[in-house]
Protein chains: 2
Amino acid sequence: MNSVTVHSPATVSNLGCGFDVLGLALGAPYDVVKVSRRAEPGVSIRHLDGFGLPTEPTRNVAGVALLALLAALPEPMGFEVEITKGIRPGSGIGSSAASAVGAVVGANALLGNRYSKAQLVDFAMAGEEIASGARHADNIAPAVYGGFTLVRAMEPSIDIVALAAPPLWVSIVHPQIEVKTIESRAVLPQAVPLPQAVRQWANVAGLVAGFLQANYALIGRSLEDVIVEPARQALIPGLAEARRRSLAAGAIGGGISGSGPSIFMLSETEATAQAVGRELSSVFEGLHIESFTYVGPVATEGARVVAR
Amino acid sequence: MNSVTVHSPATVSNLGCGFDVLGLALGAPYDVVKVSRRAEPGVSIRHLDGFGLPTEPTRNVAGVALLALLAALPEPMGFEVEITKGIRPGSGIGSSAASAVGAVVGANALLGNRYSKAQLVDFAMAGEEIASGARHADNIAPAVYGGFTLVRAMEPSIDIVALAAPPLWVSIVHPQIEVKTIESRAVLPQAVPLPQAVRQWANVAGLVAGFLQANYALIGRSLEDVIVEPARQALIPGLAEARRRSLAAGAIGGGISGSGPSIFMLSETEATAQAVGRELSSVFEGLHIESFTYVGPVATEGARVVAR
């Protein structure tokens, strides 16, 4: 086998109260990443999409992730990568994580799956680091594991927990406004009053219990973020109305996806999620802001090989 | 039926990272609370123990809890209460919560169990309030529900989640030092740096997942408190050594019980918990501080009627 094609999913990180630690994988959109062995050691990247992303391996998230994998590999090896991004860069649904994960999952398949999921997360984080300036696994982890994931710790070693959950549908709207990661970081409070922090971890506990006990109402009540969303909501016009109308249409809850500008909402059924998607579209139409909407189930699988 | 006797358990609140929201019920020690109907409306309290607690109903936690229950009752009624405390006041293992819960569970049995567990928590909190100055449910909830509990929210209404968990044994040491609640509150930080808050809620998420996935190792790793224990450890001599020796003896983790001075440790088996209990005793013997040690399983049931 000399070539594999991987579908690598979009992901929602933060999940309301679970800032920096919780995430989920989407069925769609996804990046298509084709990884082939090549004779010369090293990595080459080609983008078959029109987003104008850098293709120099040391400046490309998939390239850097593969270089990290190659650095750990005892034998010299080379990979050629073709990426067709289905996930728009800057959308706040894990675009860079998807490309990085797709590349290392593809390479790992060509290597007979010698690396564990935890190791793939580690390689992919090197890619994420050049995109966001920080080693974060909150989009990488769900892109590798699928479903819902908790990144419990990064130190002393990375500790990822996959969380079972009842079937859930996700409605995402990506309004065409730019929210720079640096700006969305700058508005975060440096410190949090203890009572707010307690309320946040009570909600995180409720959300995890809601997933594992398959309790939709508890999931909904726990999707409350008293710290990050209040700080960031001014960066995303329409957020409050999007939430109000989504809940009225039957969504169980939601919030900002990643650092925005996308907004996610969870629903129990596809029909509700479709109705919520229409509300989300309509909110931004009313604001004269172009937007893209995605509706699909939480993906139980992460990035996977679809062709060899 | 005119009289019931209730065993109402000691409880551990906070549970490391779960400050103010997580708790567990112990099999022992417990308060014995006998509640009888009486002809005249109102409440009378008698203590059969030697702790010198107030018996005036408005100054006694069980009395205040029963008065709250009576205030909600449409018909006039009266109760006589006899309390034999098995839980030493000021120990940090929910002594006042146990008496308050025992009284309302007993009265509820005499009323044909007309109140839900959530309502009993509400009545008992009125008692807890006069003991601690705050409406807290983190000892009350496990004393009513048994097992592990999450108090997800107090507002707009109280939201308690019972958390299934694998069998766990608890070793508790109660060193005979006084830690005043007001003092242990005063050392708490008013605000928490955001990265520490994130680490704490990641651990809370890991702890809840560890319980519900019956993953002992995850429970152990998640029993890390980066906020409250560092602030309070100076109030409890021997804490660091107690932890070190408990882990060496096989405990999976632990921390300060409530606001101290008691320390709790969790173990997978009774044999380990007994060994951990001996280590805990020995730490305080070495410090020439008298202490009481309790070893027992997490109780799956809360306060219960044992005789009618």
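Fair warning: this is a prediction, and the values are worked out from it, not measured in the lab.

(A) Expanded view of the overall build of chain A. A count of helices and strands for chain A gives ten helices and twelve strands. Since a compact globule built from 308 residues should have a radius of gyration of about 19 Å, the 19 Å found for chain A is in line with a globular shape. Dimensions along the principal axes, computed over C-alpha positions, put chain A at roughly 55 × 40 × 35 Å. For chain A, the residues scored as buried account for 58% of the 308 residues in total.

(B) How the structure looks around the environment of Ala275 of chain A. Residue and element names in this part refer to chain A. Take Ala275: it is sitting in helix H10 (residues 270–286). For Ala275, a relative accessible area of 21% gives the class partly exposed. Considering only alpha carbons, one finds Ala275 and Val32, 243 residues apart in sequence, at a separation of 28 Å.

(C) A look at unusual backbone geometry. That bond from Glu155 of chain A to Pro156 of chain A is cis: its omega, -5 degrees, falls within 30 degrees of zero. Looking at where Pro156 of chain A falls in the secondary structure, it is placed in the loop between strand S5 (148–153) and strand S6 (159–163). Phi at Leu15 of chain A is positive, roughly 50 degrees, even though this residue is not glycine. Relative to the helices and strands, Leu15 of chain A is located in the loop between strand S1 (3–13) and strand S2 (22–38). Leu15 of chain A gets classed as buried once you look at its relative accessible area, which sits at 1%. A positive phi angle, close to 55 degrees, is found at Asn113 of chain B, a residue other than glycine.

(D) Focus on helix H9 (residues 239–248) of chain B. Residues and elements named next belong to chain B. Those residues of H9 that sit buried are Leu239, Ala242, Arg245 and Ser246. Projected down its long axis, H9 carries its buried residues within an arc of 135 degrees, all on one side. In this structure, H9 carries Ala240, Arg244 and Ala248 as exposed residues pointing more than 90 degrees from its buried face. Where H9 is buried, its residues contact helix H8 (228–232), strand S9 (253–256), strand S10 (263–267) and helix H10 (270–286). Of the residues one or two after H9, Gly250 is the one with positive phi, at around 110 degrees.

(E) How the structure looks around the interface of chain B and chain A. Contacts between chain B and chain A engage 39 residues on the former and 39 residues on the latter. Between chain B and chain A, a total of about 2,900 Å² is buried, with carbon and sulfur atoms accounting for 68% of that surface. Of all residues in chain B, Arg152, Leu194 and Trp201 of chain B give up the largest surface area on contact with chain A, accounting jointly for 27% of the area buried on that side. A salt bridge links Asp159 of chain A to Arg221 of chain B; the shortest N-O distance between them is 2.7 Å.

(F) Focus on the nonpolar core. Among the nonpolar cores identified, the biggest contains 86 residues, and Trp201 of chain A together with Trp201 of chain B are the most heavily contacted of them. Among all residues touching Trp201 of chain B, those that are not within four sequence positions of it are Cys17, Gly18, Phe19, Val21, Gln200, Trp201, Val204 and Ile227 of chain A together with Leu194 of chain B. Listed in part, the 42 residues of the second largest apolar core include Ala62, Ala103, Val121 and Ala143 of chain B.

(G) Focus on the pairing of S2 of chain A. Residue and element names in this part refer to chain A. As defined by bridge partners, S1 adjoins S2 across ten bridges and the pair is classed as antiparallel. If you follow Ser8 over to S2, its bridge partner there is Asp31. Relative to S5, S2 is paired through three bridges, and the arrangement is antiparallel. Each bridged residue has a counterpart across the sheet, and for Leu22 the counterpart in S5 is Leu150.

(H) Just the UniProt feature "domain: GHMP kinase C-terminal" (unreviewed entry) in chain A, in detail. Within this numbering scheme, the UniProt entry marks residues 211–285 of chain A as carrying the feature "domain: GHMP kinase C-terminal" (unreviewed entry). Annotated as residues 211–285 of chain A, this span is 53% helix and 12% strand, and its ends, taken at the C-alpha atoms, are 33 Å apart.

(I) Broad picture of the domain arrangement of chain A. Residues and elements named next belong to chain A. Taken as a whole, chain A is organised into domain 1 (3–164 + 300–307) and domain 2 (169–297). For domain 1 and domain 2, the distance between their C-alpha centres works out to 24 Å. Taken together, the contact pairs 26 residues of domain 1 with 31 residues of domain 2. Summed over both sides, the interface between domain 1 and domain 2 buries roughly 2,200 Å², with carbon and sulfur atoms accounting for 67% of that surface. Three residues, Cys17, Phe19 and Arg88, lead the burial of domain 1 against domain 2; their summed loss comes to 27% of the area buried on that side. The interface formed by domain 1 and domain 2 contains one salt bridge. With its nearest N and O atoms 3.4 Å apart, the salt bridge here joins Asp20 to Arg185.

(J) Structural context of the UniProt feature "domain: GHMP kinase N-terminal" (unreviewed entry) in chain A. In this structure's numbering, the residues bearing the UniProt feature "domain: GHMP kinase N-terminal" (unreviewed entry) are residues 65–147 of chain A. As annotated, residues 65–147 of chain A has a helix share of 55% and a strand share of 8%, and its two end C-alpha atoms lie 22 Å apart.

(K) Region of interest: the relation of the copies chain B and chain A. For the pair chain B and chain A, the best superposition has an RMSD of 0.0 Å and corresponds to a rotation of 180 degrees with a translation of 0.0 Å parallel to the axis. In the structure described here, the two chain copies are related by an operation that fits a two-fold rotation axis. Looking at chain B, 100% of its interface residues are interface residues in chain A too, so the copies touch through the same face.

(L) Summary view of the side chain of Asn203 of chain B. When you line up the elements, Asn203 of chain B lands in helix H6 (residues 194–212). Judged by its relative accessible area of 1%, Asn203 of chain B is buried. Among all residues touching Asn203 of chain B, those that are not within four sequence positions of it are Arg152 of chain A together with Cys17, Arg221, Ser222 and Glu224 of chain B.

(M) The arrangement of the side chain of Thr5 of chain A in detail. Residue and element names in this part refer to chain A. Structurally, the position occupied by Thr5 is in strand S1. Of the residues examined, Thr5 reaches a relative accessible area of 17% and is grouped as buried. In this view, Thr5 contacts Val32, Val33, Lys34, Arg304, Val305, Val306 and Ala307; residues no more than four positions away in its chain are not counted.

Quick notes on the rules
Residues numbered from 1 in each chain as written. Chains lettered and ligands numbered in written order. Predicted model: local features only at pLDDT ≥ 70, side-chain atom pairs only at ≥ 80, totals over all residues. Heavy atoms only, no water. Helix = DSSP H or I, 4+ residues; strand = E, 2+ residues; numbered from the N terminus. Rg over C-alpha atoms; globule rule 2.2 N^0.38 Å. Buried < 20%, exposed > 50% of the residue type's maximum accessible area, 1.4 Å probe, protein only. Arc of directions from axis to C-beta. Contact = heavy atoms within 4.5 Å. Buried area = accessible area lost by both parts, 1.4 Å probe. Salt bridge = Lys/Arg side-chain N within 4 Å of Asp/Glu carboxyl O. Core = buried A, V, L, I, M, F, W, Y, C linked by side-chain atoms within 4.5 Å. Pairing = 2+ DSSP bridges. UniProt positions renumbered as here; feature names shortened; annotations may be inferred. Domains from an automatic or database assignment. Least-squares fit on C-alpha atoms with pLDDT ≥ 70 in both.

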